[in-house]
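# Remarks on the overall topology
One letter stands for each residue in the lines below.
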Amino acid sequence: MLDSGDIGPGQNRTTTVERGSFSIARCTCGWSGPARRARALARDDAADHATSRHSRSGTSDSSDSSDK
């Protein structure tokens, strides 16, 4: 499992998890990306989510409910 490193209290953390031959990006806010065969794509999904959904203060945009 790969993660976004050390975080402070109240901040969100992204990780990638392996499910068989697929890799999935996840965040502590509840978001989960699509299953990818390439780990690099799952890491990119996690990075995109972290920069587009979470501000530097660690707050999240709760209007997105893409927990599919």
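The present account deals with the structure reproduced in this document. Not measured: the values here are computed from a predicted model. (Residues numbered from 1 in each chain as written. Predicted model: local features only at pLDDT ≥ 70, side-chain atom pairs only at ≥ 80, totals over all residues. Heavy atoms only, no water.)

Here we come to the overall build of the protein chain. When its secondary structure is counted, the protein chain shows one helix and three strands. Taken from N to C terminus, the helices and strands of the protein chain fall in the order β-β-β-α. Here the analysis covers contacts within the protein chain between residues at least 6 apart in sequence; of these, 22% occur between residues at least 24 apart. Summed over its atoms, the accessible surface of the protein chain is roughly 4,700 Å², and 47% of this surface lies on carbon and sulfur atoms. (Helix = DSSP H or I, 4+ residues; strand = E, 2+ residues; numbered from the N terminus. Contact = heavy atoms within 4.5 Å. Areas by Shrake-Rupley, 256 points an atom, 1.4 Å probe, with all protein chains shown as cover.)

Examined against the element boundaries, alanine 38 turns out to sit in the loop between β3 (22-27) and α1 (39-53). Residue alanine 38 is classed as partly exposed on the basis of its relative accessible area of 32%. Placed 17 residues apart in sequence, alanine 38 and serine 21 show a C-alpha to C-alpha distance of 8.9 Å. (Buried < 20%, exposed > 50% of the residue type's maximum accessible area, 1.4 Å probe, protein only.)

Next up on the list: the pairing of β3. Taken together, the six bridges between strand β2 (residues 14-19) and β3 define a ladder with antiparallel strand orientation. In the strand pairing of β3, threonine 16 is matched with alanine 25. Taking the residues that link successive antiparallel strands as the turn, the β2-β3 hairpin has two residues, and the phi of glycine 20 there is positive, at about 65 degrees. (Pairing = 2+ DSSP bridges.)

Note that all results are geometric; they support no functional claim without further evidence.
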